[in-house]
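Structural overview for review
Chain by chain, the residues:
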Amino acid sequence: MQRVNWLTGTLEGSEICTSRKTLGDIRPLFFDQDAAQNMDPALVVYRVQWWSPVPEKTEGGLFWGTTVVEPGLVGTEYFMTHGHFHAKADRTEFYSTVQGTGALILMNQQRKTWMEEMSPGSLHHIPPHTAHRVANTGTSALHFVACWPSDAGYDYDEIRKNGFSARLFSIYGRPLLVDGNSGRA
Ligand code: PAN
Ligand code: ZN
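Cut-offs applied
Residues numbered from 1 in each chain as written. Chains lettered and ligands numbered in written order. Predicted model: local features only at pLDDT ≥ 70, side-chain atom pairs only at ≥ 80, totals over all residues. Heavy atoms only, no water. Helix = DSSP H or I, 4+ residues; strand = E, 2+ residues; numbered from the N terminus. Rg over C-alpha atoms; globule rule 2.2 N^0.38 Å. Buried < 20%, exposed > 50% of the residue type's maximum accessible area, 1.4 Å probe, protein only. Contact = heavy atoms within 4.5 Å. Areas by Shrake-Rupley, 256 points an atom, 1.4 Å probe, with all protein chains shown as cover. Lys, Arg positive; Asp, Glu negative; His and termini not counted. Charge placed at Lys NZ, Arg CZ, Asp CG, Glu CD. Donors = N, O, S within 2.8 Å, 3.2 Å for Na, K, Ca; no water. Near = heavy atom within 4 Å. Polar contact = N/O pair within 3.5 Å; in protein donor to acceptor, adjacent residues only side chain to side chain. Nonpolar A, V, L, I, M, F, W, Y, C, P; charged D, E, K, R; others polar. Pairing = 2+ DSSP bridges. Axes fitted to C-alpha atoms, helices over the stretch in contact; angles between N-to-C directions. Core = buried A, V, L, I, M, F, W, Y, C linked by side-chain atoms within 4.5 Å.

**Looking at the overall build of the protein chain**
Within the protein chain, the regular secondary structure consists of three helices and 15 strands. For 185 residues, the compact-globule estimate of 2.2 N^0.38 gives 16 Å, and the C-alpha radius of gyration of the protein chain, at 16 Å, lies within 12% of that figure. Overall size of the protein chain, expressed as C-alpha extent along the three principal axes, is 45 × 35 × 30 Å. Going through the 185 residues of the protein chain one by one, you find that 44% of them count as buried. Here the contacts in the protein chain between residues at least 6 apart in sequence split such that 67% fall between residues at least 24 apart. As presented, the protein chain carries roughly 9,200 Å² of accessible surface, and 54% of it is formed by carbon and sulfur atoms. Distance from the positive charge centre (16 side chains) to the negative charge centre (19 side chains) of the protein chain: 2 Å.

**Focus on the coordination of the zinc ion (ligand 2)**
Here the zinc ion (ligand 2) is held by His 84 (NE2), His 86 (NE2), Glu 93 (OE) and His 132 (NE2), and the distances to it run 2.1 to 2.3 Å. Donor residues for the zinc ion (ligand 2), ordered by position in the chain, follow H-x1-H-x6-E-x38-H. Judged by relative accessible area, which is 5%, Glu 93 ranks as buried.

**A look at the site of ligand 1**
Close to ligand 1 lie 15 residues; Tyr 46, Thr 67, Gly 83, Tyr 95 and Tyr 156 are nearest. One of the side-chain N or O atoms of Glu 93 is found 2.9 Å from an oxygen atom in ligand 1. A distance of 2.5 Å is found between an oxygen atom of ligand 1 and a side-chain nitrogen or oxygen belonging to Tyr 156. Considered class by class, the residues forming the shell around ligand 1 number seven nonpolar, seven polar and one charged.

**Observations concerning the environment of Tyr 172**
Its location among the elements puts Tyr 172 in the loop between β14 (166–171) and β15 (174–179). Assessed through its relative accessible area of 84%, Tyr 172 is described here as exposed. For the pair Tyr 172 and Ala 135, spaced 37 residues apart in sequence, the C-alpha to C-alpha distance is 17 Å.

**Notes on the sheet that holds strand β9 (residues 102–108)**
The strand order across the open sheet built from three strands is β10-β9-β12, with neighbouring strands paired in antiparallel fashion. Two strands lie at the open edges of the sheet, namely β10 (113–118) and β12 (130–136), each paired on one side alone. For this sheet, the mean inter-axis angle between neighbouring strands, taken without regard to orientation, is 25°. As paired strands, β9 and β12 are joined by seven bridges and run antiparallel to one another. The residue bridging Ala 103 from the neighbouring strand is Ala 135, located in β12.

**Details of the nonpolar core**
In globular proteins that are soluble, nonpolar side chains generally tend to be buried together. By size, the foremost hydrophobic cluster in this structure holds 36 residues, and its most contacted members are Val 69, Val 74, Tyr 95, Leu 104 and Val 134. Contributing elements (two or more residues each) for this core: α1 (23–26), α2 (33–37), β4 (44–51), β5 (62–69), β9, β12 and β13 (142–149). Take this core: its biggest share by element is five residues, from β9. Once you skip the residues sitting within four places of it in the chain, Val 134 turns out to touch Val 69, Phe 79, Met 80, Thr 81, Tyr 95, Ala 103, Leu 104, Met 118, Leu 142 and Phe 144.

**Quick look at the sheet that holds β4**
Strand order in this open sheet of six strands is β3-β4-β5-β13-β8-β11, and the pairing throughout is antiparallel. Whereas interior strands pair on both sides, the edge strands pair on one side only; in this sheet they are β3 (16–22) and β11 (123–126). Averaged over neighbouring strand pairs, the angle between their axes works out to 20° when direction is ignored. In this structure, β3 lies alongside β4, joined through seven bridges in antiparallel fashion. Counted as the bridge partner of Thr 18 is Gln 49 from β4.

**Structural notes on the pairing of β9**
Judged by how many residues are buried, β9 sits mostly within the fold: seven of seven residues are covered. Pairing analysis gives six bridges linking β9 to β10, with the strands arranged antiparallel. Following the sheet pairing, Leu 106 is matched in β10 by Trp 114. Between β9 and β10, which follow one another and run antiparallel, lie four residues, and Arg 111 among them has a positive phi close to 70°.

Here it is as structure tokens:
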């Protein structure tokens, strides 16, 4: 039996998997490497819980997950998830925000990047062939739920190599998506 706590998005019950990413795990993704080097590598940037009712790669199945992104900045860039295209790039996904404020950053295969604001209740459809990453633009943890096909998989390499074509910075305390690719993720 699995349950969602709708106040927090937390998954409870059996067969729930968990993972977490520390700053040390995703440091190369951030623009300001000097700032990143001076921060504690053990700092947790985000945690994921998910339920896989069917094996990975099952065609026609679905997975459910909850991600919690901590508030914070590396230099002036918001804490964010790694971001990925799906390995089966045409697979789509729903995200919905439970707590906190943030931005869903989307990039298509022509490397056009845009964002959608996330706040409690916001519902987001990630189109096919679209990389997705979430940044926490608030001062408290950002909790969102997700549902995606069990055969979607993850292509992290493309983001590791070429990044997104825009980054979300805090400029005078407000989020601003800035175009330009440093060649890093
Ligand atoms: C989500 C993400 C989760 C963590 O479940 O996997 O938010 O982000 P990264 O996978 O980019 O580290 C999802 O999009 N699944 O497909
Ligand atoms: Zn995804």
